[in-house]
Amino acid sequence: MKQNLLRRFISLFHLSAGDDARAVSRSRLGLALLAFFAVYAIVAGRLVMLATVPDAEIKAKVDAEAALAVRRPDIVDRHGRLLAADVVSTSLYAEPRRMIDPDEAADLVMTVFPDLDAEDLRRRFASDRGFEWVKREITPEQKAEIFRLGVPGLGFLTEKRRIYPNGPLVSHILGAVNIDNHGIAGLEKYLDTAGYMVTDASKPKPRPITLPLDLGVQHAVRDELMKSMKEFSAIAASGTVMDVETGEIVALVSLPDFDPNSAADALKPEAINRVNVGVFEMGSTFKALTVAMALDSGRIHLNDTFDARTPLQFGRFRIDDFHPTRRILSVPEVFLHSSNIGTAKMALMLGVDAHKAFLKKMGQLDRLRTEMPESSAPILPQRWGELNTVTISFGHGIAVAPIQTVMATAALVNGGKLVPPTFMSRTKQQADDMSPQVIKPSTSDAMRYLLRLNAEKGSAKKANVPGYRVGGKTGTAEKVINGRYSKEKVMNTFTAVFPTDKPRYMLLVVLDEPKGTKETFGFRTSGWNTAPTASKIIERIAPLLDVEPKMDTVNAPPVMASVSEQLR
Amino acid sequence: MNIARVLNFLAVLLLFGSALAVYKIKYEAIFHAEDVARLERLIEAEKATVVMLRTEWAKLARPDRIEALATEHLGLAVAKPEQTVKLSALPEKPVEVDSIAQTLESLGLEAAAESDPIANAIDSFDDLGEPTMTGSTRR
């Protein structure tokens with residue numbers, strides 16, 4: 001059967017000699033017809049395929065320059081104000097292989113860009129390479145001039161350039177990008193790694209990223225810090241505002257800073273982020289942690305007293321108060337007078353192990369990592385004995401990054417939850433879920449009371465802004481120069497919380513090596529420089545943060561009066 | 001007329017016609033593709049302009065620039081806490097009381113309170129002419 005069909009098929013063509021001539025030509029015509037029909041069928045079929053099924057290969061060939069440009073998302077602050085955006089810019093390139101007269105080309109280019117190296121340009125144009133950058137990110141006027149010159153072998157590529165319209169106002173938080181739009185510092189570097197970049201040109205532009213940063217608050221903090229740095233001739237300063245409930249950083253300023261529009265400045269050594277990077281002995285601001293530890297243990301109460309009449313002696317080390325009161329102090333009085341002796345005795349009562357465990361719980365002994373790629377590990381004593389506990393209780397002998405102090409102080413006032421600081425948006429629910437409870441809520445209430453008392457009657461008086469219920473703790477730490485504590489160089493800190501009746505924000509102000517002035521009567525302690533700076537900042541930022549002023553609040557009850565009556 | 005010839009002639013016509021149709025479709029497709037590309041370029045240019053304008057706006061609305069301008073030209077200063085007041089702290093709008101009507105009622109002259117002789121007199125004037133303005137706007 002099959003053989004029969006095959007024979008019949010072949011007989012159609014009748015190619016063997018001796019057949020009828022007409023029959024042969026007819027069969028050959030039939031063969032030709034079949035061939036053409038097959039070709040047209042293939043063409044028609046392919047047309048149908050092309051029309052219905054999209055070809056991914058063709059799409060990918062579009063625009064070679066799109067592959068160069070990394071699409072970065074816009075960054076806006078919490079109110080939608082623009083912090084960083086990509087702007088289209090042109091870059092000039094050369095194809096030396098196709099240049100007719102390289103010297104003339106170099107000379108003509110030099111007329112538009114006189115700051116380029118002429119020799120280098122001539123050499124590169126005379127080479128045989130296929131692609132050479134001439135100048136990246138040129139202005140539209142320069143582009144028009146080069147175009148008018150009509151030099152063969154030059155061409156333009158459009159690129160994206162990152163613009164930071166606020167200049168140095170927001171520097172460390174945003175960081176910077178290099179010429180290829182890759183992040184090299186700050187959140188820009190974080191965004192690269194966290195998957196916010198879009199390298200595929202066919203996908204739409206990524207959505208803008210909203211930060212918890214408030215540009216108005218950032219400006220107020222930076223402005224006041226710059227004024228204070230000038231007034232007290234400090235070598236550096238930093239200010240951080242954090243939401244105590246969510247851990248969002250609302251403002252972060254570290255001076256000296258840089259303009260993110262010039263990326264090279266971002267990596268200068270003096271422009272480091274002094275809040276996240278760089279560890280310091282925080283001084284008396286640490287006392288808040290010691291007092292909280294003492295109260296939280298349940299073994300010490302607010303009405304307990306400590307003997308601060310004589311300095312503590314530890315071998316050849318003498319612990320004394322800065323302003324010795326030479327009397328017995330209650331716990332609030334220890335806090336208000338910032339007594340080293342009282343605080344040391346509190347820590348000793350609890351013991352070395354308990355002290356260590358508490359500090360570890362509060363995140364002071366480990367590196368604190370945030371979205372910033374930069375971070376520092378704290379410097380801890382190699383052997384931790386009683387003397388270390390004593391000095392650490394008032395903030396010497398341990399060096400931490402200021403961001404750790406911010407986190408710990410916030411935990412003291414927000415009801416006892418240790419909320420890790422974040423530079424990205426976070427809801428209160430998310431913060432609650434990720435924050436461990438480190439102290440009892442009652443301890444947190446007591447700390448709020450003590451901080452408020454300190455601002456009314458204690459060393460933080462100059463930080464008090466009427467109406468905003470500010471609470472705070474000063475800290476004057478002598479810097480270590482050549483292995484010894486210097487009496488002249490200090491690092492001053494001030495932790496402020498407002499409003500203390502229901503804390504919402506905390507502010508940390510740091511002034512590095514402030515000097516005494518005529519107005520401060522030559523004193524350079526924290527109460528004279530960082531505290532007034534904090535009050536000026538709070539006065540400016542509280543309305544921006546929707547903190548309602550209450551002009552008729554009752555002052556903190558005078559526990560001291562009742563205690564001193566008991567002692568009499 | 002041979003039917004085969006007619007058919008042959010029609011087939012040739014169809015051949016040329018279909019060739020023309022194909023070329024027409026092809027060039028129309030090219031034209032549309034060029035149009036689409038042109039429009040897409042225009043859209044990209046507009047988007048780039050929008051971004052440029054947004055960054056320009058952001059530069060001009062920088063807080064330090066606005067603060068400098070406000071201090072210099074408007075004489076504004078930092079707000080004090082006493083200057084911030086909540087809407088709920090403002091006193092309630094007093095209820096409007098028509099004291100004259102109340103007096104008339106208490107004196108028992110409700111009829112007089114209801115009919116306002118002066119208003120009636122004014123209404124009776126048919127044509128008061130152009131209302132004149134007080135103040136110095138008319139010579």
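These numbers were taken from a predicted model, which means no experiment stands behind them.

## Let's talk about the overall build of chain B
Per the secondary structure count, chain B includes five helices and zero strands. Counting from the amino terminus, helix and strand elements in chain B follow one another as α-α-α-α-α. Here chain B displays about 13000 Å² of accessible surface, and carbon together with sulfur accounts for 64% of that area.

## Focus: unusual backbone geometry
Residue and element names in this part refer to chain A. Omega for the peptide link from Leu255 to Pro256 comes to 0 degrees, which places this bond in the cis form. Turning to its location among the elements, Pro256 is positioned in the loop between strand S9 (249-255) and helix H10 (263-266). The omega torsion across Phe498 and Pro499 is -20 degrees, close enough to zero to call that bond cis. Following the sequence through the fold, Pro499 ends up in the loop between strand S15 (484-498) and strand S16 (505-512).

## Topic: the packing of helix H14 (residues 352-361) of chain A against helix H15 (residues 386-393) of chain A
Residues and elements named next belong to chain A. Closest axis-to-axis distance for the H14/H15 pair is 10 Å, and the angle between their directions is 45 degrees. Here H14 is positioned oblique relative to H15, judged by the angle of their axes. For the element pair H14 and H15, the recorded crossing hand is left-handed. Every residue of H15 that contacts H14 at Val352, His355 and Leu359 is listed here: Glu386, Thr389, Ile392 and Ser393. Across the contact of H14 with H15, the residue classes tally to three nonpolar, three polar and one charged.

## Overview of the domain arrangement of chain A
All names here are of chain A. In terms of domain boundaries, chain A breaks down into domain 1 (60-210) and domain 2 (216-566). Placing the centre of domain 1 and that of domain 2 at their C-alpha centroids yields a distance of 44 Å. Between domain 1 and domain 2, the contact holds 25 residues from the first and 29 residues from the second. Counting the surface lost from both domain 1 and domain 2, the interface buries some 2200 Å², and carbon and sulfur atoms represent 63% of this. Per-residue buried area on domain 1 facing domain 2 is highest for Leu169, His172 and Ile173; these three make up 30% of the total on that side. Along the contact surface separating domain 1 from domain 2 lie one salt bridge.

## A word on the sheet that holds S16 of chain A
Residue and element names in this part refer to chain A. A sheet is described by the order of its strands in space; here five strands give the open sequence S9-S8-S16-S15-S14, paired in antiparallel fashion. The sheet terminates laterally at S9 and strand S14 (471-481), the two strands that pair on one side only. Each strand of the sheet is rotated relative to its neighbour by a mean of 15 degrees, with strand direction disregarded. Judged from the eight bridges that link them, strand S8 (residues 236-243) and S16 form a sheet pairing that is antiparallel. Paired with Ala236 across the two strands is Asp512, which belongs to S16. Those strands touched by helix H9 (residues 215-231) are S8, S9 and S16, and its axis lies near 30 degrees from that of S9.

## Overview of the domain arrangement of chain B
Segmenting chain B into domains produces domain 1 (2-74) and domain 2 (90-126). The distance between the C-alpha centroids of domain 1 of chain B and domain 2 of chain B comes to 72 Å.

## Brief notes about the interface of chain B and chain A
Tallying the contact residues gives 18 residues for chain B and 25 residues for chain A. For the pair chain B and chain A, the summed buried area comes to about 1800 Å², and 64% of that belongs to carbon and sulfur atoms. Taken together, the links from chain B to chain A amount to three salt bridges. A salt bridge links Glu67 of chain B to Arg540 of chain A; its shortest N-O distance comes to 2.9 Å. At the level of elements, helix H1 (3-60) and helix H2 (63-74) of chain B are the ones that each hand at least two residues to the side of chain B that touches chain A. Broken down by element, the side of chain B that touches chain A gets its largest block of residues, seven residues, from H1 of chain B. Grouping the constituent residues of the side of chain B that touches chain A by class yields eight nonpolar, two polar and eight charged.

## Digging into the UniProt feature "domain: Penicillin-binding protein transpeptidase" (unreviewed entry) in chain A
Taking the UniProt record as the reference, the feature "domain: Penicillin-binding protein transpeptidase" (unreviewed entry) is found at residues 239-519 of chain A. For residues 239-519 of chain A, helix accounts for 31% and strand for 21%, while the C-alpha atoms at its two ends are 23 Å apart.

## Some points on the environment of Ile328 of chain A
Residues and elements named next belong to chain A. Structurally, Ile328 can be placed in strand S13 (residues 328-330). Given a relative accessible area of 29%, Ile328 falls into the partly exposed group. Put simply, Ile328 and Leu6 are 322 residues apart on the chain and 121 Å apart in space, counted from C-alpha to C-alpha. Ignoring any residue separated from it by four or fewer positions in sequence, one finds Ile328 in contact with Thr305, Phe306, Asp307, Ala308, Arg309 and Glu333.

## Structural notes on the pattern of salt bridges
Counting across every chain of the model gives 45 salt bridges over all chains. Notably, a salt bridge pairs Arg161 of chain A with Glu137 of chain A, separated by 3.5 Å at the nearest N-O pair. Taken together, the residues Arg161 of chain A in strand S4 (residues 154-163) and Glu137 of chain A in strand S3 (residues 132-138) connect sequence positions 24 residues apart. You can call Glu137 of chain A partly exposed: its relative accessible area is 21%. For Glu539 of chain A, the salt bridge is made with Lys80 of chain B, and the minimal N-O distance between the two is 3.5 Å. In this pair, Glu539 of chain A sits in helix H19 (residues 526-544) while Lys80 of chain B sits in the loop between H2 and helix H3 (99-106), so the two residues belong to two different chains.

## A few points about the side chain of Gln404 of chain A
With respect to the secondary-structure elements, Gln404 of chain A resides in helix H16 (residues 402-413). For Gln404 of chain A, the contacting residues outside a window of four places in its chain are Gly363, Gln364, Leu365, Asp366, Leu368 and Pro378 of chain A.

## What to know about the nonpolar core
Residues and elements named next belong to chain A. Counting 84 residues, the largest nonpolar core has Leu211, Leu412 and Met447 as the members making the most contacts within it. Counting the residues that make up this core, at least three belong to each of domain 1 (60-210) and domain 2 (216-566). Excluding anything up to four places from it in sequence, Met447 contacts Ala288, Val291, Ala292, Leu295, Phe335 and Leu412. Counting residues in each nonpolar core, the second largest holds 34 residues, with Ala237, Val253, Phe494 and Ala531 among its members.

About the thresholds
- Residues numbered from 1 in each chain as written.
- Chains lettered and ligands numbered in written order.
- Predicted model: local features only at pLDDT ≥ 70, side-chain atom pairs only at ≥ 80, totals over all residues.
- Heavy atoms only, no water.
- Helix = DSSP H or I, 4+ residues; strand = E, 2+ residues; numbered from the N terminus.
- Areas by Shrake-Rupley, 256 points an atom, 1.4 Å probe, with all protein chains shown as cover.
- Axes fitted to C-alpha atoms, helices over the stretch in contact; angles between N-to-C directions.
- Parallel < 35°, antiparallel > 145°, perpendicular 65-115°, else oblique.
- Left-handed = near helix turned anticlockwise from the far one by under 90°.
- Contact = heavy atoms within 4.5 Å.
- Nonpolar A, V, L, I, M, F, W, Y, C, P; charged D, E, K, R; others polar.
- Domains from an automatic or database assignment.
- Buried area = accessible area lost by both parts, 1.4 Å probe.
- Salt bridge = Lys/Arg side-chain N within 4 Å of Asp/Glu carboxyl O.
- Pairing = 2+ DSSP bridges.
- UniProt positions renumbered as here; feature names shortened; annotations may be inferred.
- Buried < 20%, exposed > 50% of the residue type's maximum accessible area, 1.4 Å probe, protein only.
- Core = buried A, V, L, I, M, F, W, Y, C linked by side-chain atoms within 4.5 Å.

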